[in-house]
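# Descriptive analysis of the structure
Residues per chain are reported as follows:
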Amino acid sequence: MALDKYQIAQRIARELKDGYYVNLGIGIPTLVANYVPQGIDVILQSENGLLGMGPFPIKGEEDADLINAGKQTITTLPGSSFFDSAMSFGMIRAGKVDLTVLGAMEVSENGDIANWKIPGKMVKGMGGAMDLVASAKNIVVAMMHTNPKGESKLLPNCTLPLTGVRCVKKIVSDLAVIEVTLDGFKLLERAPGVSVEEIISKTAGKLIVEGEIEEMKF
Amino acid sequence: MNKIYKDATQAIEDIHDGATILLGGFGLCGIPENCITALVSKGVNNLTCISNNAGVDDFGIGLMLQKKQVKKMISSYVGENAEFERQLLSGELEVELIPQGTLATRCMAAGYGIPAIYTPAGVGTEVAHGKEVRSFDGKEYLLEMAFNADFAIVKAWKGDTMGNLIYKETARNFNPLMAMAGKITIAEVEELVEAGELDPNQIHTPGIYVNRIFEGKNYEKRIEQLTVRDS
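Overview of the structure.

Calculation notes
Residues numbered from 1 in each chain as written. Chains lettered and ligands numbered in written order. Predicted model: local features only at pLDDT ≥ 70, side-chain atom pairs only at ≥ 80, totals over all residues. Heavy atoms only, no water. Buried < 20%, exposed > 50% of the residue type's maximum accessible area, 1.4 Å probe, protein only. Helix = DSSP H or I, 4+ residues; strand = E, 2+ residues; numbered from the N terminus. Contact = heavy atoms within 4.5 Å. Pairing = 2+ DSSP bridges. Patch = residues over 30% accessible without salt bridge, like charges linked within 9 Å, V, L, I, M, F, W, Y side chains within 5 Å. Areas by Shrake-Rupley, 256 points an atom, 1.4 Å probe, with all protein chains shown as cover. Salt bridge = Lys/Arg side-chain N within 4 Å of Asp/Glu carboxyl O. Lys, Arg positive; Asp, Glu negative; His and termini not counted. Charge placed at Lys NZ, Arg CZ, Asp CG, Glu CD. 1 Å grid on protein atoms, 1.4 Å probe; cavity = no way out; pocket = protein on both sides within 12 Å on 5 of 7 lines; lining within 4 Å. Points joined across faces, edges and corners; volume = space filled by probe spheres on them. Nonpolar A, V, L, I, M, F, W, Y, C, P; charged D, E, K, R; others polar. Core = buried A, V, L, I, M, F, W, Y, C linked by side-chain atoms within 4.5 Å. Axes fitted to C-alpha atoms, helices over the stretch in contact; angles between N-to-C directions. Disulfide = S-S within 2.5 Å.

Our next topic: helix 2 (residues 33–42) of chain B. Residues and elements named next belong to chain B. The element helix 2 is extensively covered by neighbouring structure, given that seven of its 10 residues are classed as buried. Turning to helix 2, its buried residues number three or more, namely Glu-33, Asn-34, Cys-35, Ile-36, Ala-38, Leu-39 and Val-40. On the buried face of helix 2, the contacting elements are helix 1 (8–11), strand 1 (20–23), helix 3 (61–66), strand 8 (149–160), strand 10 (182–193) and strand 11 (212–215). Phi for Gly-43, located one or two positions after helix 2, is positive at around 75°.

Moving on, we get to the sheet that holds strand 9 (residues 154–155) of chain A. Strands sit in the order 7-6-9 (chain A) across an open sheet of three strands; the sheet is mixed. Each edge of the open sheet carries a strand with a single partner, namely strand 7 (113–114) and strand 9 of chain A.

Moving on, we get to a negative patch on the surface. Together, B:Glu191, B:Glu194, B:Glu197 and B:Glu215 make up a negatively charged patch on the protein surface. Its location among the elements puts B:Glu197 in the loop between strand 10 and strand 11.

Right, let's talk about the layout of surface pockets for a bit. The space that makes up the second largest pocket amounts to roughly 350 Å³. Lining the second largest pocket are 18 residues; nearest its centre among them are A:Ala134, A:Val165, A:Arg166, B:Val123 and B:Lys139. Breaking the lining of the second largest pocket down by element, the ones donating at least two residues are helix 4 (129–135) of chain A together with strand 7 (139–145) of chain B. Take the lining of the second largest pocket: its biggest share by element is four residues, from helix 4 of chain A. In terms of residue class, the lining of the second largest pocket is built from nine nonpolar, five polar and four charged.

What follows covers the nonpolar core. Counting 49 residues, the largest nonpolar core has A:Val141 and A:Ile171 as the members making the most contacts within it. Not counting residues within four places of it along the chain, the set of residues in contact with A:Ile171 comprises A:Val107, A:Val141, A:Met143, A:Leu154, A:Ala176, A:Val177, A:Ile178, A:Val180 and A:Phe185. Counting 37 residues, the second-largest nonpolar core is a separate cluster that includes B:Ala8, B:Leu39, B:Val40 and B:Val127.

Tallying each qualifying case throughout the model produces 23 salt bridges over all chains. Residue B:Lys168 pairs with A:Asp63 through a salt bridge whose shortest N-O separation is 3.8 Å. Within this pair, whereas B:Lys168 is found in the loop between strand 9 (165–166) and helix 6 (175–181), its partner A:Asp63 is found in the loop between strand 3 (50–53) and strand 4 (76–82), the two belonging to separate chains. The partner of B:Lys6 in a salt bridge is B:Asp7, with the nearest N and O atoms 3.7 Å apart. What makes B:Lys6 exposed here is its relative accessible area of 63%. Salt bridges sharing partners connect three or more residues here, namely A:Asp63, A:Asp65, B:Lys155, B:Lys168, B:Glu190 and B:Lys221.

So, about the pairing of strand 6 (residues 133–136) of chain B. Residues and elements named next belong to chain B. Two strands pair when backbone bridges link them, and strand 6 and strand 7 are joined in this way by four bridges, in the antiparallel orientation. Bridge assignment links Val-133 to a residue of strand 7, and that residue is Leu-142. Counted along the chain from strand 6 to the antiparallel partner strand 7, the turn is two residues long, and its residue Asp-137 has a positive phi close to 50°.

It is worth spelling out the sheet that holds strand 5 (residues 116–119) of chain B at this point. Residue and element names in this part refer to chain B. An order of 5-7-6 is seen for the three strands of this open sheet, with the pairing classed as antiparallel. Because the sheet does not close on itself, it has two edges, and the strands there are strand 5 and strand 6. On average, each strand axis in the sheet is inclined to that of its neighbour by 40°, with strand direction left out of account. In terms of strand pairing, strand 5 meets strand 7 through four bridges, oriented antiparallel. Looking across to strand 7, one finds that Ile-117 is bridged to Glu-144.

Throughout the structure, instances matching the rule amount to zero disulfides over all chains. This cysteine, A:Cys167, is not joined by any disulfide, and A:Cys158 carries the nearest cysteine sulfur, 9.1 Å off. Residue class for A:Cys167 comes out buried when judged on its relative accessible area of 5%. There is no disulfide at B:Cys107, and the cysteine sulfur nearest it, in B:Cys49, is 13 Å away. On the accessibility criterion, B:Cys107 (0% relative accessible area) is buried.

It is worth spelling out unusual backbone geometry at this point. Residues and elements named next belong to chain A. Look at Lys-71: it is not a glycine, yet its phi comes out positive at around 65°. Along the chain, Lys-71 falls in the loop between strand 3 and strand 4. Judged by relative accessible area, which is 7%, Lys-71 ranks as buried.

What follows covers the pairing of strand 1 (residues 21–24) of chain A. All names here are of chain A. With three bridges joining them, strand 1 and strand 2 (residues 43–46) adopt parallel strand pairing. Each residue of the ladder has a partner; that of Tyr-21, found in strand 2, is Ile-43. Pairing geometry for strand 1 and strand 5 (residues 99–103), over three bridges, is parallel. In the sheet register, Leu-24 faces strand 5, and the bridge partner there is Val-101.

From the geometry alone we can't say anything about function, so treat these as descriptive.
In C-alpha cells:
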C-alpha cells in the first residue's frame, strides 16, 4: 500500500533529531509537526518571523498579529522569539536551520527542484522557497511519486521552471524513501507492500537499487 | 521637530501619481490599514507597490487594485487575489516576483546604506536572468540591488512622538525593514505615546528612520486563515 499523506509526514518526522531547528513548508510538510518522536525537542521556524511555533490557538484565543507563513493563526511556546523577515532569511542563509521540509512538483536526479511555477497557469510566486532551497543544509521533499496523470515526478531533468539547483538531499514519496546522491536517486526504503519493481517503473530518473530494500514500518 | 500627523489622509497627502511605495505586512498581518484606505480615497494612480503580498480582493492592497491604482506590483507571493489575477492576465498590471528573502534583504540594504547584496536565492533559475553571478568559496550568488523607493508605509503596535516604533508578534515581518528603506517613511501605530514612555531597550525601529507618525483607528486586523483547536 502506498503511504497516505499522514504516513509521509510520519516517516519524515523520523529524520528529526533533538535540538533541530526546522522549517516546514505548506501542505504535507506542515503535518510533520504532529509526529515529532517522543523525547525529541525540535524548534519550528516560521519564515514570517517566529522561532518556536506552537499549535493552533484554542477557539476564541486567536490573535491576528500571530500567524505562520501559511497565514494561519498559531501560538507561541515558552522560549519563542520574534524577528523581522531579513533576520528570518538571514538565519536560513547562514545555515542555522537544520532541516527544511517542502513539497515539489518535480525533482531531478541531481537534486534540482521545481515547485513554484507551471507555464501557462497563474503564477502565485515563489514566496520563500527559493531562499530556503538555496541555503538549507538539509532539504527533504515530501511529495507523491507520480502526478495525477501517472507520470513520474522524479526525473532525469526537471521540465518545469526551477526553484533551486542541486539542493534536495532526500525524497519521501508515497512509494519510497530516496536519497539524492552524486550518481542519481538511490532507493533506501519502500512503502509497505510496494515492490522495488513498481518504484523502478515509476521513477523516470536514474535510480540506484543496491541489495535488499527495507520496507517502512508504521 | 514635529513628526506627528493628524491622520492617514494628512500623512499621505504628498504621495503622487507614479510614486514607488514600500508597504509593510505579511499577508494581512501588520499591514498599514489606515494609509491604504487613505490612498484609495485620494485616488493616486500609476503606483509601483513593493510588498510581500498583494492583499485579498476586498482588503489590504487588494483595495487599491480594485481601483486600478497600481501599475506595478513587486512581491514574493500574490496567490489570494482574484482581481489581481484578472489584471495580470489582461496585461493591465505588471508584476515582478522575487524571492521573499531577497525582498527583505533588499529593503535592509537600503536602510543600511548598502547598494546591493549577494544572495544564493534564485541561482540557476529564471530569477537569475540578467543578473551578475559571483562565486564565493565555490558557491554562486546573485547580485541584488537595494530598493530605491519614494515612500515607505509601515504599521507598528506602539510608537512615540520621536518616531520610535515597537511591533507586535509576527506583525513585525517586513515593517522594520521597510521603515528603514523609504526616502520618506510614514508609520501608523495602534498607540501613540509621548517620548519617554517607551523603554529604549525595547525599540525595534529608531525614530531616525521615521519621518511621519500618527495614531491609526478602527483596525480591522482581518485573519486570512483562521485555524483553531477545541481544547
